[in-house]
Each structure stands twice: as structure tokens, then as C-alpha cells.
Amino acid sequence: MGNERDSEEKYCRLSDAKISLESVSLEEKDEKRGFSLSFWIYLSNSARPCSVLLHQTNPKVEGDVPFVALNEESKLIVFPLLGLHEEAPCPGSLFPWRGVTHLSASNPCPTEKWVHIGCQVTQRYMCLHINAIMVDGTSLPLSNGRNLRYSLKLTTLVGNKGKVEGYFYNSQVWSSSLSIKSQYTKDQPVRLFLDNSSLPDGVEAGPDGVWNIVGGKPSCRRNFSLEVQLLNGIGQPVCRDMEIMASLVYADNGAPVENSRDDGEDPLLLSCDGMEYPSTNRPVPLVRGRAAFKLKVAKLSSKCDNRLFRIFFYPFSTQRYPFLETYSQPIRCISRSKQNQRTAGSGRKISPTQPPCENPPLQKTSNGHNNGGTCGLKTEASREIQNQTETLNQNPNQQHSPNQHENENGGQNGAAEKFDQPEKRPKIECKMPMVQKDAHENSPVVLNGTSSNAEEAESNPLSGSDSDGANKATMLREALEATRFGAASTLADALVFRYCLEGMLERSVILRETLSIASNDDMADFAKRVGLYTGCSHHRNQILMAKKLIEEGDETWTSISFNKTRVLWTCAIPEIVKKFMCISHSSNRGLSGQDIEVLKGIAGCGEELGREDFKRLWYWMYPVALTLARERINKLWECLVPRWIEGFITKEEAENALRGPKGPEKPGTFLLRFPTSRSWPHPDAGNLVISYVGSDLMIHHKLLTLDYSDEREELQHLLLEEPELTQLGRVIRPEVS
């Protein structure tokens, strides 16, 4: 990691480039003695011919003189040096530089690719190397100045003052005893690369060159594979400790594609170890310089005004640079029926256009990007929570899509992390290998289920509904039967594997059914094996709390409903608040009006609360209450000055508070909150999230776990010991009558 940081410090914008020749030592009597200089340069597509890239400045000369430029053919040209060569350009020299001595490359300079420029300089000679190959050289008359070595020492090479977009890396000035090739191979910059020349598996190329990918509803989505490489300056894979993220963006402007309006599902899904995750929740580590992505697209182009998409790849934790980002070819996501139309006719072209999107996109995506505006603090946030949770227990025939959960990463910086270091205090930064010890930090859930839009559900009513639900129920019964007639003390492996592969709704059903036949020892063994197979020890907590959660939930519903199917919200909430304070051991702090509004949004109810609404609320609130019952966290909850835990707030409220009305808060400002999208039996249910302003002034969201911290230490002290956290923020919330 140290070498990685050192390399990052050598990158700078072309406008900030600076090379001092102060260290150069030349003797007037030794005309063969010289020096060499080299650097890497990266030009964007906006670079135009006849542009100066580096200037020469010298206090003895008024005005700037070009040193490196692009000629009319976009070839790199290099001019003699001020204070050394008589044929150096005059101040104010402009294109076309006719009659001005210069060295020229033989080919146009490529854009969006690193190029190494090297110069060997003596008092009588100068030659140009491009990528360690000499392309031009010329003899030059010596400057007439007598104070030669002093004049050259005052010359500085500086950037182009923002006129050309580009980047600069690792400038070196050294004695001529070392070759330019040795510097070329010694320390090279890197770039992300996606080979779009060949067609990936699971992708079809349209007549317009656009990739056609089958996506949409879960039963029709097709996997496709892409491999991103981290290459050095000569195109070789680089082994580096780096994780790569993928997201779906619009091809025309690069804006992130919104989540599905119907169920809040993420538009791009990543398959890993037999599981499916929202792509923005799961970075993929580089292995020998390569990151392999197995993806599915859940958003149809027809639902986005027939716009094209791209897959956008970028590093998870390092600073963002254009050369560390790459895009796929334009993508048109089509349904299976459209694909069949394309292939059914012999030689007949089918128009790729599809009906326009009926519903406008969400203003705010679940991965934290803004599109068209910022949601309100309460009303819109509650509606977003409702959209995210409305399918959790809505219909036993529907399968829960875990991607309705919010992306706790937010902003531009990758997936939600945990403080999961085996030290006395929680650590913010942690690495996430391909097979994680605690995989729950990236939402390890399976996407089985709800159709991505109403049109698809109507076109294929059996998909993901009655038939799938019946099959799942049958398989669950078979697994339970195997358990009943199998070993008395151990639940069947089939049931364990089934639990590991299912989504949140199916897991809750499995736990309810299993509790009817299993002893406490059986459930403890079941929890242990699930944690082993998923690589996530936090599944254990959710399984072990299942019995009390279900029993107390049933008792609470009975006490507030009096055996009715629905009850007024205003009548139910006092008993719910009382139960919350009892479970959380909270004596001084109850729930505010804003907290109750968030609970109402999680339940997804109106003025009346139904049984399924109550389940959604209870499955979220019970794990939170158990967390607050822990002594150290309970102290933070009870503390009102300062308010360490800001009640129940949404991710949007936290981000709006940290952005501030006049711009982002100071780096290190943070808030503690419970993610409103993590409900039992999700392994992150009840965990705290830290939302904070990073040194890059971006808002980050990281999961807090206290598994390895010393219970004797005050949690607030441990938090403030983290270098990323310096001061507690505050959320100003409107009063609720």
C-alpha cells in the first residue's frame, strides 16, 4: 500500500506539471557532458493539434517559450532549451513555428494512453525518445552566454496553464550515465483497460455496433462476462492491491442509471460465488492485474426512453483519475421476447426501438447519485424507504429482491465497508477479498423475484410468482421432511444450502418453518453452518435472534390488533414505542415524531397498519433495539448532548446534513445512523453506519462492527481516534406535529 500511495503522489494534472533544471551541472569546457530528462504524459481526447503542452520559463527571459507541443499533425515536437542552445525559440513563439529548430516524433501522439517522453541533452546535441525509442536528433550551436551553467539552472519546465486536458507522471532529471530506457522500465504509470475489440460471452452485437444484452425481469436476465485489466505504460498487467467497482451509466452523458421505480432494484447486478449483489455494493479485487466481472442488467432500455447504457469501471478506494476509469461499448438492454424477435426471422431486421418509458426516473438513485434534483428530508425519503421495503413481506408468492436495500457506500467510492480489524479499536479501512470472512458487508443476497416492471409481469405472469413460489414451497417442505426423518440433532444440509442461496423473504420463511421442528441446539448448529458456508459470521446473530423476534412480534401484533386484520396507526404506535424501549433498555429516550415517521415509511402503510406492514416494521426495528441494548451503544443513544446517534434517519437525510446549505462540512464530520434498508434476516440488520465527509469532500458510508474492539473502552473515544473522523455532525430535522 505504501508503494501505491507513492505512485499516486506522482500523478498530477498537466497544468500543474513542473520540472526544475536546478540540479543540472554542466561545464563549458566539456561539450560532450550532458543530462537526460524524462516524464510520462497522458492526453485526453480533447487535446487538439498545434497546442503547447510544456513551457520553458527563465527569469532572465520575458515571456514563455514552448518546450513540448503538438504540431498540426498531432505529433509531439520538442524545442531546444533556454540558456543552453542558441536556437531555442524566442519568447511568444506561436504556431506554426516555421524556421524554429525542433525535434519531432514520427507518429501522432495517441490520446487516453500514457506516452513516455525522454530527451538526451548536451551542449551541442539533443535527441528525442518516445517510449524509449529514439525518433529524432539534431546538432545544435552553443548559446553565446558565458554563464552557461547558471542560466540553465534558472530554467523551469511548467505545464500548459489548463489549455490542454491531460496528466503528468514521474518526471526525472539525471546525469547522462543512465539510459532513458532504464527510466522507462523503472517506474511506469497505470491505467484501467477493457478490451472492447472482441465480443464477450452473453453479448450479441447489433448492426449498429451496439451490444445487445438480454435483461429485465429476473427469470430472463442473461449473464455476461467482462474482464478489466490494470496495465502499465507498455501494456502489461500490473499486480496491485486494488478493487474495481462497476456501475451502469447512460451512454450519452455518463449519468448513473436510476434504480427501478417499481421495486428499487439496482440496475446492474454482480454474480459472485453463486450469489448476486448490487454491483455498486461489491468491489472486485484485482488478481494478477485482472478483475473478472460476471454481470446482469436489470433495467431495460425501453424503460429509459430507449437510451443506451455503458458499464463504467473505476477503482474503489484510490483517487479518481480518467486513466483509472474505463467504459464498455454502448449497451442496449432488451427483453427475451425482443431477442427472440431479432433471431426468429431469417435475414429480417427487427427495429431495435421499443416503447418509451411510461414512468419518469427517480430523482435520486440508491447508490447516492443525484439525477435531476435532491429528495426532500422527510416526505421523499419516506417514500424511498417505502419503495425499498414494500416487497419484503408483501406477497408470499413474490420473491424479495434484496437490491431494494440502499447502497451504504454512496457517492463515488465503492461498497459499504465494516470496521473489521482485529485490533482494540474499530478500523475504517479494510480490504475485501473475493471470498470474504464477513461477506455481509456487501449485501450477499440472491436476486430471485419481483419483476422489474409491470409490463413484464403482465407479459409473463408465471415468472417469479405462482410457479416459482410453489416450487420453492415444495423444495422447502422436502428439505424439512429430510430433516424430520434424518439425524435428530442436525438440520439437513439441503436446508442449510437452501438458506444460503435464497433472498431475504425466503430466509425469513425458512427460519419460521425451521423453528417449529428444531431445538435451540439445532438452531445454534444451523447458524454455525450457515456462517461457515456463506463466509459471514453475522448470519449467526440473525438466526439466533429469530425465535424471540418472531415470538415477541406475534405477541405485539396480537396486543395491538385484537385479532383484527388492520389497526389504526395512531392506535398501534404507542404500544410499538413501548415495546421498543423495553427491548432496547432505553429509560430516558423514546422515539421522536421524526423517528415515528421513518418507522411509518419502513412499514409502508397509510393511516392503517396491516399485518404485513407490521412485519416490515418489526423486522427492521427489533434488530435495532437489540443493538441499542448493548451497554456501550445504549450510552450513546441515551446521550442527548451531544447527540451521538441521530435517531432514525435515512441515508438521504444524512447526506443532505453533511453537504450543508453552503457546501460540504469540514472533512472528518460524521453521523451515526441505522441503515433503513437492512431488515432481518439480513446480516447487517441492526448495525450502525458511519456517514462522514472524506478528505476528498465526498460523502462516504461505512458499516461499523465492534467484534474486535475492547468492551471496556468508550465507543465515542474509539470513533474519534479514527483519522477519518474528527467531529460529530448534526441533523436539523423539521418538527412533526
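Since the model is a prediction, treat every value here as computed from it, not as a measurement. (Residues numbered from 1 in each chain as written. Predicted model: local features only at pLDDT ≥ 70, side-chain atom pairs only at ≥ 80, totals over all residues. Heavy atoms only, no water.)

### Describing the overall build of the protein
Line of reasoning, step 1. Across its full length, the protein holds 18 helices and 30 strands.
Line of reasoning, step 2. Per-residue burial for the protein yields a buried fraction of 56% across its 737 residues.
Line of reasoning, step 3. In the protein, 73% of the contacts between residues at least 6 apart in sequence involve partners at least 24 apart.
Line of reasoning, step 4. For the protein, the exposed area adds up to about 31,300 Å²; of that, 49% sits on carbon and sulfur atoms. (Helix = DSSP H or I, 4+ residues; strand = E, 2+ residues; numbered from the N terminus. Buried < 20%, exposed > 50% of the residue type's maximum accessible area, 1.4 Å probe, protein only. Contact = heavy atoms within 4.5 Å. Areas by Shrake-Rupley, 256 points an atom, 1.4 Å probe, with all protein chains shown as cover.)

### What about the packing of aromatic side chains?
Line of reasoning, step 1. Overall, the coordinates contain 28 aromatic pairs when judged by the stated rule.
Line of reasoning, step 2. Measuring from centroid to centroid gives 5.3 Å for Tyr 42 and Trp 114, while their planes differ by 50°, and the two rings are tilted. Of this pair, Tyr 42 sits in strand β3 (residues 34-43) while Trp 114 sits in strand β8 (residues 114-122); the two residues are 72 residues apart in sequence, bridging distant segments of the chain. For the pair shown, Tyr 42 and Trp 114 are each scored as buried. (Phe/Tyr/Trp six-rings, centres within 6.5 Å; stacked < 30°, edge-to-face > 60°.)

### Re a nonpolar patch on the surface
Line of reasoning, step 1. A cluster of nonpolar residues, Phe 497, Leu 532 and Tyr 533, forms a patch on the protein surface that exposes about 330 Å² of accessible area.
Line of reasoning, step 2. As for its placement among the helices and strands, Leu 532 is situated in helix α10 (residues 520-534). (Patch = residues over 30% accessible without salt bridge, like charges linked within 9 Å, V, L, I, M, F, W, Y side chains within 5 Å. Salt bridge = Lys/Arg side-chain N within 4 Å of Asp/Glu carboxyl O.)

### What about the sheet that holds strand β7 (residues 103-108)?
The pairing of strands in a sheet happens through backbone hydrogen bonds and is either parallel or antiparallel.
Line of reasoning, step 1. Pairing is antiparallel across the open sheet formed by 6 strands, whose spatial order is β2-β11-β4-β5-β6-β7. Both edges of this open sheet fall to β2 (18-20) and β7, since each of them pairs with a single strand only. In this sheet, neighbouring strand axes are inclined to one another by 15° on average, regardless of whether the strands run parallel or antiparallel.
Line of reasoning, step 2. Pairing between β2 and strand β11 (residues 156-158): 3 bridges, direction antiparallel. Along β11, the bridge assignment pairs Ile 19 with Leu 157. (Pairing = 2+ DSSP bridges. Axes fitted to C-alpha atoms, helices over the stretch in contact; angles between N-to-C directions.)

### Quick word on the sheet that holds strand β18 (residues 268-272)
Line of reasoning, step 1. Spatially, 5 strands are ordered β13-β16-β21-β18-β19 in an open sheet, and the strand pairing comes out antiparallel. The outermost strands of the open sheet, each flanked by one partner alone, are β13 (190-194) and β19 (275-278). On average, each strand axis in the sheet is inclined to that of its neighbour by 35°, with strand direction left out of account.
Line of reasoning, step 2. Summarising the sheet, β13 and strand β16 (residues 224-232) pair through 5 bridges and their orientation is antiparallel. Counterpart to Arg 191 in the pairing with β16 is Leu 231.

### Looking at the nonpolar core
Line of reasoning, step 1. Of all hydrophobic cores here, the largest spans 62 residues; its most connected members are Phe 526, Ile 576, Phe 580, Leu 609, Ile 645, Phe 648 and Leu 719.
Line of reasoning, step 2. Per element, the largest residue contribution to this core is 10 residues, and it comes from helix α15 (residues 611-628).
Line of reasoning, step 3. In this view, Ile 645 contacts Arg 589, Leu 628, Ile 633, Leu 636, Trp 637, Leu 672, Phe 674 and Leu 688; residues no more than four positions away in its chain are not counted.
Line of reasoning, step 4. One finds Tyr 167, Val 297, Ile 311 and Phe 313 within the second-largest nonpolar core, a separate group that totals 43 residues. (Core = buried A, V, L, I, M, F, W, Y, C linked by side-chain atoms within 4.5 Å.)

### As for α15
Line of reasoning, step 1. Given a rise of 1.5 Å per residue, 18 residues ought to cover 26 Å, and the 25 Å separating the end C-alpha atoms of α15 matches this to within 8%.
Line of reasoning, step 2. Counting buried positions along α15 gives 15 out of 18 residues, so the element sits mostly inside the fold. (Expected span 1.5 Å × (residues − 1).)

### A few points about the pairing of strand β24 (residues 331-334)
Line of reasoning, step 1. Of the two faces of β24, the one carrying Ile 331 and Cys 333 and the one carrying Arg 332 and Ile 334 are both buried.
Line of reasoning, step 2. As paired elements, strand β15 (residues 211-214) and β24 share 4 bridges and run parallel to each other. Residue pairing for β24: Asn 212 is matched across the bridge by Arg 332.

### Some remarks on the environment of Val 624
Line of reasoning, step 1. Inspection of the secondary structure puts Val 624 in helix α15.
Line of reasoning, step 2. Classification of Val 624 by relative accessible area gives buried; the value is 1%.
Line of reasoning, step 3. Considered as a pair, Val 624 and Ser 584 are 40 residues apart in the sequence and their alpha carbons are 8.0 Å apart.
Line of reasoning, step 4. Dropping the residues within four chain positions of it, Val 624 is found in contact with Phe 580, Phe 648, Phe 674 and Gly 686.

### With respect to the pairing of strand β22 (residues 309-315)
Regular strands place side chains that alternate from one sheet face to the opposite one.
Line of reasoning, step 1. In terms of burial, β22 is largely enclosed, as 6 of its 7 residues are buried.
Line of reasoning, step 2. Across 7 bridges, the pairing between strand β17 (residues 243-250) and β22 is antiparallel. The partner of Met 245 across the bridge, within β22, is Tyr 314.
Line of reasoning, step 3. Where β22 lies against strand β23 (residues 326-327), 2 bridges are found, and the strand directions are antiparallel. Bridged to Phe 312 within β23 is Tyr 327.

### With respect to unusual backbone geometry
Line of reasoning, step 1. In this structure, the amide linkage connecting Val 641 to the following residue, Pro 642, adopts the cis form with an omega of -5°.
Line of reasoning, step 2. For Pro 642, the location among the structural elements is in the loop between α16 (631-638) and α17 (651-659).
Line of reasoning, step 3. Here the residue pair Trp 680 and Pro 681 is connected by a cis peptide bond, since its omega of 5° sits within 30 degrees of zero.
Line of reasoning, step 4. In this structure, Ala 132 takes a positive phi of about 70° despite not being glycine.
Line of reasoning, step 5. Along the chain, the position of Ala 132 falls in the loop between β9 (125-130) and β10 (133-139).
Line of reasoning, step 6. The backbone of Asn 306 sits at a positive phi, close to 60°, despite the residue not being glycine.

### Overview of the pattern of salt bridges
Line of reasoning, step 1. Applying the stated criterion to the full structure yields 23 salt bridges.
Line of reasoning, step 2. Notably, a salt bridge pairs Arg 529 with Asp 493, separated by 2.5 Å at the nearest N-O pair. Separated by 36 residues along the polypeptide, Arg 529 in helix α10 and Asp 493 in helix α8 (residues 493-501) bring together distant segments of the chain.
Line of reasoning, step 3. Exposure remark for Arg 529: the relative accessible area of 11% places this residue in the buried category.
Line of reasoning, step 4. Under the relative-accessibility criterion, Asp 493 is labelled partly exposed at 41%.
Line of reasoning, step 5. A salt bridge links Arg 498 to Glu 502, with the shortest nitrogen-to-oxygen separation between them at 2.5 Å.
Line of reasoning, step 6. Taken together, the salt bridges that share partners define one network made up of Arg 566, Glu 608, Asp 613 and Arg 616.

### Structural notes on the confidence of the model for the protein
Predicted coordinates in regions of low pLDDT should not be interpreted in detail.
Line of reasoning, step 1. On average, the protein scores 75 in pLDDT, and the residues at 70 or more come to 72%.
Line of reasoning, step 2. With pLDDT under 50 throughout, residues 484-489 is counted as low confidence; its partners more than four residues away or in other chains account for 3 contacts. (pLDDT = per-residue confidence, 0-100.)

### Side note on the side chain of Ser 51
Line of reasoning, step 1. As for its position among the elements, Ser 51 is in the loop between β3 and β4 (52-57).
Line of reasoning, step 2. A distance of 2.7 Å separates a polar atom in the side chain of Ser 51 from the backbone oxygen of Arg 48.
Line of reasoning, step 3. Apart from residues no more than four positions distant in its own chain, Ser 51 is found in contact with Ala 69, Leu 70 and Val 164. (Polar contact = N/O pair within 3.5 Å; in protein donor to acceptor, adjacent residues only side chain to side chain.)

### Considering the packing of helix α9 (residues 504-515) against helix α12 (residues 546-561)
Line of reasoning, step 1. Here α9 crosses α12 at 90°, and the two axes come no closer than 10 Å. Comparing the axis directions of α9 and α12 gives the class roughly perpendicular. In this structure, α9 contributes Leu 511, Arg 512 and Leu 515 to the contact, and α12 contributes Ala 546, Lys 547, Ile 550 and Asp 554.
Line of reasoning, step 2. A breakdown of the residues in the contact of α9 with α12 according to their chemical character gives 4 nonpolar, no polar and 3 charged. (Parallel < 35°, antiparallel > 145°, perpendicular 65-115°, else oblique. Nonpolar A, V, L, I, M, F, W, Y, C, P; charged D, E, K, R; others polar.)

### Concerning α16
Side chains three or four residues apart in an α-helix point the same way, a direct result of the helix having 3.6 residues per turn.
Line of reasoning, step 1. Across the 8 residues that make up α16, a large majority, 6, are buried.
Line of reasoning, step 2. Turning to α16, its buried residues are Arg 632, Ile 633, Asn 634, Leu 636, Trp 637 and Glu 638.
Line of reasoning, step 3. If you follow the buried residues of α16, they end up packed against α13 (569-584), α15, β27 (669-673), β28 (688-693) and α18 (715-721).

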